Amino acid sequence: MTPESILKNPPKVLKQSLRKKYFSEGFLFLENMMDKSMLRRLHLKIGQAIEESRVLKSSNKKFDLEPDHSNELPRLRRLTQPVEYYKIFWEFAKSSIITDIAEDLLGPDIMFHHSKLNFKWCSGGEEVKWHQDMPFWPHTNDSVLTIGLYIDDVSTEMGPLGVIPRSHLGPIFDHYNQEGTWTGAISPKRRKSLNLQDAVYLEGEAGSITIHHCRTIHGSKPNTHPDQYRPLLLNTFSSADALPITINPTPSRYDRYIVRGRPSLNVHMEPYNGKLPPDWSKGYTSIFALQQKDL
Ligand SMILES: O=C(O)CCC(=O)C(=O)O
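Predicted model only: the values in this text are computed from it and were never measured.

> I tried to follow the sheet that holds strand β5 (residues 128-131) on my own but got confused; where do I start?
The strands making up a sheet associate through hydrogen bonds between their backbones, and the pairing can be parallel or antiparallel. Read from one edge of the open sheet, four strands run β5-β10-β7-β8, paired in antiparallel fashion. The open sheet has two free edges, formed respectively by β5 and β8 (200-201), since each of these has just one partner strand. Note: β5 against strand β10 (residues 218-220), two bridges, orientation antiparallel. Residue pairing in the sheet places V128 in a bridge with S220 of β10.

Laid out in structure tokens, this is it:
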């Protein structure tokens, strides 16, 4: 769907000015919209997932671990597709607050793509380099977004999500290096053309919601907090007429599930002026593992 056609529908939860702001800036930051009991339940489950990860010696499909993760001192980078493993995460992804927000920005018919929980562990949890999401999983049009939830308060030192306003209106960047290897990040040379001085870092309280467009350039700094990790739960959705044109790098049983409205009988096609990602059917680790290779 186009922004114009989406904006013609009456809003569910967002003021019309906020919806317009999303389309002009490429992101939104919403505070005080979350039910505290849902937050507590998510928190509890995350604690259990961390406990479960202690015995692991290396990353697997579910847990992406930092190299020095141990039983005594767990250090997690990501819980991949939490919706696949714990009911509460799927309950949250299709809850009315999340799907109402999605409907205001994607239109009445909405498809789920994937979910992840990025931990960014304390005392050095890794940076996420500047990138766009669209090159990881291109769709037939760019009516695709990611809704993030801070499970804890996130201060500057914890590496809040950073976004470059209006960058979604610019080009789709190459996420390969000069040798043609996928790096999952915009190269240092190409980064020179970005308006990094305009970056906005979305720090806020537990329950704050971040939303970014699939073409918005975003990233985050390392977590330098001595003892608090930064759990950011991310769920990606598209308008039902925006179909993925490459394989989902982290598929779940809910891949392409219609969380609101109905499946579309039409596909909205727009030119995709970017490179395709590698063939993820041969395996995918995580953005952290890929970017840390520093190719
Ligand atoms: O965790 C973050 O700060 C950003 C994560 C992100 O952009 C991603 O996982 O694609």
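> What should I look at first to understand the pairing of strand β6 (residues 144-150) in this one?
Working note: regular strand, side chains alternate between the two faces of the sheet. Most of β6 is tucked away, with seven of its seven residues classed as buried. Going residue by residue along β6, you find V144, T146, G148 and Y150 tucked away on one face and L145, I147 and L149 tucked away on the opposite face as well. Sheet topology places β6 next to strand β11 (residues 232-239); seven bridges connect them, and they run antiparallel. Residue pairing for β11: V144 is matched across the bridge by S238. In the sheet, β6 pairs with strand β9 (residues 209-213) via five bridges, with the strands oriented antiparallel. Bridging across to β9, G148 finds its partner in T210.

> Teacher, can you tell me more about the packing of aromatic side chains here?
Two measures describe an aromatic ring pair: the distance that separates the ring centres and the angle between the ring planes. One pass over the structure, following the stated rule, counts 15 aromatic pairs. Each ring, one from W90 and one from F112, has its centre 5.0 Å from the other, and the planes form 80°; the classification is edge-to-face. Here W90, found in helix α5 (residues 87-93), pairs with F112, found in strand β4 (residues 110-118); they are 22 residues apart in sequence, far enough to count as distant. Each member of the pair, W90 together with F112, is buried. One aromatic cluster in this structure is built from W90, F112, F237, Y254 and Y257. We note K62 situated over the ring of Y85; from NZ or CZ to the ring centre the distance is 4.6 Å. Above the face of the Y201 ring, K221 is positioned so that its terminal group lies 4.7 Å from the ring centre.

> Can you walk me through the nonpolar core in this structure?
The nonpolar side chains of a soluble globular protein tend to be buried with one another. Formed by 47 residues in total, the largest nonpolar core has its most connected members in L42, F119, I147, L149, I209, I211 and F237. If we ignore the near neighbours within four places in the chain, the residues touching I211 are Y22, G26, F27, L28, L30, I101, L105, L145, T146 and I147.

> Could you clarify how one ought to interpret helix α3 (residues 36-53) in this entry?
Residues spaced three or four apart along an α-helix face the same direction, because each turn holds 3.6 residues. Compared with the 26 Å implied by 1.5 Å per residue over 18 residues, the 26 Å span of α3 between its first and last C-alpha is a close match. Residues of α3 that are buried: M38, L39, L42, I46, A49, I50 and S53. Down the axis of α3, the buried side of the element spans an arc of 110°, and every buried residue falls inside it. In α3, the exposed residues that point more than 90 degrees away from the buried face are R40 and L44.

> Sorry if this is basic, but what is going on with the site of the ligand here?
Every one of the 13 residues lining the ligand counts as a neighbour, but R78, N118, H218, S220 and R230 are closest to it. One of the side-chain N or O atoms of N118 is found 2.9 Å from an oxygen atom in the ligand. Listed by contribution, the elements that provide at least two residues to the shell around the ligand are β4, β5, β10 and β11. Its residues assigned to classes, the shell around the ligand comprises five nonpolar, four polar and four charged.

> Before we go on, may I ask you to explain the environment of G47 in this structure?
Within the fold, G47 resides in helix α3. Each C-alpha atom, one on G47 and one on M134, is 31 Å from the other, the two residues being 87 residues apart in sequence.

> Can you help me understand the pattern of salt bridges in this one?
Side chains that carry opposite charge are capable of pairing whenever their charged atoms lie near each other. Under the defined criterion, the tally for this structure stands at 15 salt bridges. Two residues, K62 and E52, come together in a salt bridge whose shortest N-O distance is 2.5 Å. With K62 in the loop between α3 and β2 (63-65) and E52 in helix α3, the pair connects residues that are ten residues apart, well separated along the chain. A relative accessible area of 12% means that K62 is categorised as buried. Ionic pairing is found between R260 and E103, a salt bridge with its closest N-O pair at 2.5 Å. Highlighted residues: R260 in strand β12 (residues 258-260) and E103 in helix α6 (residues 96-106), separated in sequence by 157 residues.

> Before we go on, may I ask you to explain unusual backbone geometry in this structure?
Outside of glycine, negative phi angles account for most residues, and trans bonds account for most peptide bonds. The backbone of Q81 sits at a positive phi, close to 45°, despite the residue not being glycine. By secondary structure assignment, the location of Q81 is in the loop between β3 (76-80) and α4 (82-85). Located in the positive-phi region is S123, a residue other than glycine, with phi close to 50°. For S123, the position within the fold is in the loop between β4 and β5.

Criteria and cut-off values
Residues numbered from 1 in each chain as written. Predicted model: local features only at pLDDT ≥ 70, side-chain atom pairs only at ≥ 80, totals over all residues. Heavy atoms only, no water. Pairing = 2+ DSSP bridges. Helix = DSSP H or I, 4+ residues; strand = E, 2+ residues; numbered from the N terminus. Buried < 20%, exposed > 50% of the residue type's maximum accessible area, 1.4 Å probe, protein only. Phe/Tyr/Trp six-rings, centres within 6.5 Å; stacked < 30°, edge-to-face > 60°. Lys NZ or Arg CZ within 6 Å of the ring centre and 35° of its normal. Core = buried A, V, L, I, M, F, W, Y, C linked by side-chain atoms within 4.5 Å. Contact = heavy atoms within 4.5 Å. Expected span 1.5 Å × (residues − 1). Arc of directions from axis to C-beta. Near = heavy atom within 4 Å. Polar contact = N/O pair within 3.5 Å; in protein donor to acceptor, adjacent residues only side chain to side chain. Nonpolar A, V, L, I, M, F, W, Y, C, P; charged D, E, K, R; others polar. Salt bridge = Lys/Arg side-chain N within 4 Å of Asp/Glu carboxyl O.

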